[in-house]
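Descriptive structure summary
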Amino acid sequence: MSSGLIVQAVLAGITNGLTYALVGIGIAAIFKGTRIINVMQGEFSVTGAMITVLLLGRASWPYWLAILGGALSGAVIGTAIELLFVRYMMRRQASPQSFILLTIGIAITMSASVLFFIGRSGYVLPPFGGEGAFVMLDAVIGSHALWLIASALGITLALRLFYHRTTLGLAMMAASIDADGAATTGVDVARMRTLTFALGGILGAVAGILVTPLTSVDFAMGINLTLKGFAAAILGGLTNPLGAAVGGITLGLMESLATVAVSSSYKDVVALSVLIAIMIFMPHGMLGRAGRRGG
Amino acid sequence: MRWRYAALVLGLCAWAVLPFILPRNLVDLLVFAGIYTVAGLGVGLLLGHCGIVNLAQAVFYGIGAYATAYLTVEVGAPSIAGFVVGALLAMTVALLLGWPILRLTGYFLALATLALSIIGNALFYEWDWLTGGTLGIGGIPKLEAFGFALDTPLRFYYLAWLVAFLCMLLAHNLAHSRTGLMFRAMRDASDAAASLAIDMQWLRTRVFVLCAFFGSLAGNLFAHYTSFVSVQSFTVDKSFSFLLISVLGGVRSVFGTVIGALFITFLPEYLSRLGDFHQILFGLALIAVVVGLPGGLVSGFDLLWRKAAARKATPHDR
Amino acid sequence: MMAPNGWFPRVIVAGAILAVAALAGRDVGAQAPEPIKIGAVLAITGAAAGLGVPERNGAVVAEKAINAKGGINGRPIKLIVEDDTTNPDTAVTKANDLIFNQKVVALLGGTNIAPTVAMGGITDKVKLPQFAFTGLGPDVEKTRKCVFHMFTPHALNARTLFEYARVIGAKRVGVLHDSGYGTVVMRELNNITKNYPDVQVVGVEKFELSATDATAQAAKIKAANPDAIFVIAVTATAFRSIRQLQMNQPIVALNGASSYEIVSAMGSAANDIVFPEFVVYEDPLPSQKEFLDYVMKETSTRAKNPESVAWDAMHVIAAAVGKVGPAAGNEKLCEAIRGPYKGVTTDYDFSADDMTGIKLSGYIFSKLVNGQYTRLPLRLKD
């Protein structure tokens, strides 16, 4: 096996891995703020990307504005979900299974809506930095892939700073760890929860927009994004955005290295088995106790 | 008490007569509901009494179905072999995989079972010498009872639901037995349970194995009913459906599983008459049930029942 | 009265509600049986909606066209379409409804292999003519002499790939296939490589059906240095991954990936890709023009393979029912269908062993050039 192949696999693994990480970061953010596992995170991505496609293609907005619109749509949908459903269920003290079921129901509804209103076609967005590609060490990496990697790392870092350095971020963390205690210090817990869903929505939408130039977007993609994102988030300890990035890259690398080293037939089997092994032997997520908040 | 027996007899008569008065496609749905009930009972036991989210039930369902298919079609063995081998295989896999995985808790465990479901599906595709892959295995012989071939929905209905009733009885007795008490102790007060020397790891594994048994049993029935199995029937979506069945119905109620299975099979059928957006309606219906009836559909029944009873109550009953 | 506990009393309530609901849902009273009913169970929603929806369109347009010409000997036809949501279990239920409640004379469907075979178990038992929009599937289908197939068997599909490689003089080919239908065709490819010693398969890689990226697999193929690449898939993923790696070899792919929706998802990768298929709107065969114009007029879409096979199936049924009469019964109708038929899609022969009768010469070749379909002047010899 040539070194070019390995380098290509590594590049592909990092690119895909950060894709998973972007979705996983959204799942982690929502879990961090509300203790809810969001099974519809992938639908934020699909819807956000689709809205960007529509704004760009049919409404002829400039690209950056269309992206903004798509990202904001995630915030709007996330806020709507929190205000309409989550708030009510929280008041009635619904069980964690009920929340999972709620998000499953929303996922089904959103995916079917995209099929019904937009159609069965797949759509692409123009790649950032154009169609160009760079060749390094016998391997090819497109300019958009580089943009995706940079953006994902940037988002991860920004999120970490947000949670640990800004008042709002600290308040959101406090509200989720100890709602009563936070309330006594004047934190509006309910509003923090709404903002968390809005944040998760934006993160999901941005993930979808960043990914679409590479993979295209269609109505059926949401659940697969969610599954991969979920894996990335769990590997990272579930409440740590940096952890989701590490988890995502790990998953992506495992997949592509398994493909080139073992066989493309057993890629998923190998990658997921390693995932399970990591969960069993590293129960605090890959970043250790500091990063973990699992079951 | 007499009321209860009368109700029981009436209920059984209604059940026995139903396939003769309903059109064939609805009887068909009832057969699927019965089969799904069996699978959903296993998931319900794990979730309701042990607090474990099992998203791998489709794998055991598939093992039961493929064991039947392969043994009866490729090897020519009698159907009982398919049932026995399928059950043993599913239970063994559950034991071997369950032991390490059930150390995990909460969302980690849910993700691990989800990963198992994906691995299982991938292997069903990959090992197409065994499973037929995308092409599947067709021509599975029909079961026979009292000289009749069970080759119509009407005839299979009785088998499917008799098996379902037996499984419901089993699950009900388990939940109300001493073992059931141990489950609840483990679920609600795990530290106290540990201090009483309840081996929780072994308990969880045993329930996981039982859940696998139910899954493979359902798969056996499924294979003999449709005479054709293919990978598309054993996807992650199926695992989600089985989970939905037990949670929607009411996680701690055996009867709730039946309601959940009926919901999952009948609602899409009715909604599909309304147009292309029927999937959207199904999602909305799901949301409505989850938000409106947090205890599951079974709590909706109880609500109706109590309202009816309260209205009939005379003043001095209150 | 105390509210009874336990689950058996609740069974009655459930049963009662169920029975009422079910009876309410029945079709009450049969209308005067004027229209001749044809049923269809297709994937309108779910993963295969990309094929199922255009199939439905083709069938609906055909229904209109047939009725506009007076129906079958003066009697109109009525098409009843059900959605199997890409799920073989649902397909079984819908088929039961169409065959036994609605009493259709023939059934179109399924959109993919699993629903086709599942429904075949029911149609074969009563010998109701079924028109599957798939190629011949597992062995059991060979015994079902009333399940006719509108697409070619996998072995023939595999041959077209090799034949094209020969035409362009490709000595080394790499194969990228998905884990579903791709695996099936790959098996056939392996069986026939010995017939094509001048075309060597230098690499075979597989990717998941739902994968959005196949870069690692494409890189392995790239390392094997092929002259051309076979892609056996139904999504745009493999095409994108290949072109993103700056692999510029010609790609030849099966017609399952040939649709405007998939081309849209390919983005800039939609170039230098050849499909052995049957319908090219941009440069049609003379026998296809009327059909294509009709679909464009009715639906404002460019018809392709799914629409045309549905159109053909409807017309085959209409012709056969016209010949033997609507009351002839399933066996006679089956007999009437079993024979050659010149369709819009291609020439069929439903009495053939593969229940399709399409020959190598029945294919035409399309080529994607910068996202646009063009037709190659190539025709194969049998």
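Residues numbered from 1 in each chain as written. Chains lettered and ligands numbered in written order. Predicted model: local features only at pLDDT ≥ 70, side-chain atom pairs only at ≥ 80, totals over all residues. Heavy atoms only, no water.

1. A few points about the packing of aromatic side chains
Throughout the structure, instances matching the rule amount to 39 aromatic pairs over all chains. With centroids separated by 6.5 Å and ring planes inclined at 40°, the aromatic side chains of B:Phe263 and B:Phe282 adopt a geometry described as tilted. Here B:Phe263 is found in helix H12 (residues 254-271), whereas its partner B:Phe282 is found in helix H13 (residues 278-292), with 19 residues between them in sequence. As far as the burial class goes, B:Phe263 and B:Phe282 line up, both buried. Ring geometry for C:Phe162 against C:Phe230: centres 5.7 Å apart, planes inclined by 85°, an arrangement best described as edge-to-face. Of this pair, C:Phe162 sits in helix H5 (residues 154-167) while C:Phe230 sits in strand S8 (residues 228-232), and the two are 68 residues apart along the sequence. (Phe/Tyr/Trp six-rings, centres within 6.5 Å; stacked < 30°, edge-to-face > 60°. Helix = DSSP H or I, 4+ residues; strand = E, 2+ residues; numbered from the N terminus. Buried < 20%, exposed > 50% of the residue type's maximum accessible area, 1.4 Å probe, protein only.)

2. Here's the deal with the nonpolar core
Within soluble globular proteins, side chains that are nonpolar tend to cluster in buried spots. Of all hydrophobic cores here, the largest spans 150 residues; its most connected members are B:Ile35, B:Phe156, B:Trp161 and B:Val229. The greatest single-element share of this core, amounting to 17 residues, is contributed by helix H2 (residues 24-50) of chain B. Every residue in contact with B:Phe156, bar those within four places of it in the chain, is listed here: B:Val31, B:Ile35, B:Leu143, B:Leu150, B:Leu221, B:His224 and B:Tyr225. Counting 125 residues, the second largest nonpolar core, distinct from the first, contains A:Phe128, A:Ile155, C:Val61 and C:Leu189. (Core = buried A, V, L, I, M, F, W, Y, C linked by side-chain atoms within 4.5 Å. Contact = heavy atoms within 4.5 Å.)

3. A look at the confidence of the model for chain B
Low-confidence regions, as indicated by low pLDDT, have predicted coordinates that should not be scrutinised in detail. Mean pLDDT over chain B: 86, with 95% of residues reaching 70 or higher. This complex was scored by the predictor with a pTM of 0.88 and an ipTM of 0.86. (pLDDT = per-residue confidence, 0-100.)

4. Considerations on the confidence of the model for chain A
Residue and element names in this part refer to chain A. On average, residues of chain A score 87 in pLDDT, and 95% of them reach the 70 mark or higher. By mean pLDDT, the top-scoring element of chain A is helix H2 (residues 41-57) (95), and the lowest-scoring one is helix H7 (residues 179-184) (79). Segment residues 290-295: pLDDT under 50, and 23 contacts once partners within four positions in sequence are set aside and those in other chains are kept.

5. Examining the side chain of C:Thr356
Residue and element names in this part refer to chain C. Mapped onto the elements of the fold, Thr356 is located in the loop between strand S12 (347-349) and strand S13 (364-369). A residue is classified by how much of its surface remains accessible, and Thr356, at 0% relative accessible area, is buried. Polar side-chain contacts of Thr356 include one of 3.2 Å to the backbone oxygen of His149. Setting aside residues no more than four positions away along its own chain, Thr356 makes contact with His149, Phe151, Thr152, Tyr348, Asp349 and Phe350. (Polar contact = N/O pair within 3.5 Å; in protein donor to acceptor, adjacent residues only side chain to side chain.)

6. With respect to the state of the cysteines
All chains considered together, the criterion is met by one disulfide over all chains. The disulfide partner of C:Cys146 is C:Cys334, and the S-S distance across this bridge is 1.9 Å. Separated by 188 residues along the polypeptide, C:Cys146 in the loop between strand S4 (130-132) and strand S5 (147-149) and C:Cys334 in helix H12 (residues 330-337) bring together distant segments of the chain. For the pair C:Cys146 and C:Cys334, a shared accessibility class is recorded, and that class is buried. B:Cys50 takes part in no disulfide bond, and the closest cysteine sulfur to it belongs to B:Cys211, at a distance of 9.7 Å. (Disulfide = S-S within 2.5 Å.)

7. Points about the side chain of C:Ser366
All names here are of chain C. Relative to the elements of secondary structure, Ser366 occurs in strand S13. Looking at Ser366, its side chain comes within polar contact range of the side chain of Glu277, at 2.6 Å. In contact with Ser366, other than residues within four places in its own chain, are Ile273, Val274, Phe275, Glu277, Val280, Tyr373, Thr374 and Arg375.

8. Some thoughts on the interface of chain B and chain A
Chain B puts 37 residues into the contact, and the matching count from chain A is 42 residues. Ranking the residues of chain B by area buried against chain A places B:Tyr107, B:Phe108 and B:Leu111 at the top, with a combined share of 23%. Inspection of the chain B/chain A interface yields zero salt bridges. Between chain B and chain A we count two residue pairs in polar contact (both at pLDDT 80 or more) in total. Elements supplying a minimum of two residues to the side of chain B that touches chain A: helix H4 (79-101), helix H5 (106-126), helix H11 (236-249) and H13 of chain B. Looking at the side of chain B that touches chain A, the element that brings in the most residues is H5(B), giving 13 residues. The class makeup of the residues in the side of chain B that touches chain A is 30 nonpolar, five polar and two charged. (Buried area = accessible area lost by both parts, 1.4 Å probe. Salt bridge = Lys/Arg side-chain N within 4 Å of Asp/Glu carboxyl O. Nonpolar A, V, L, I, M, F, W, Y, C, P; charged D, E, K, R; others polar.)

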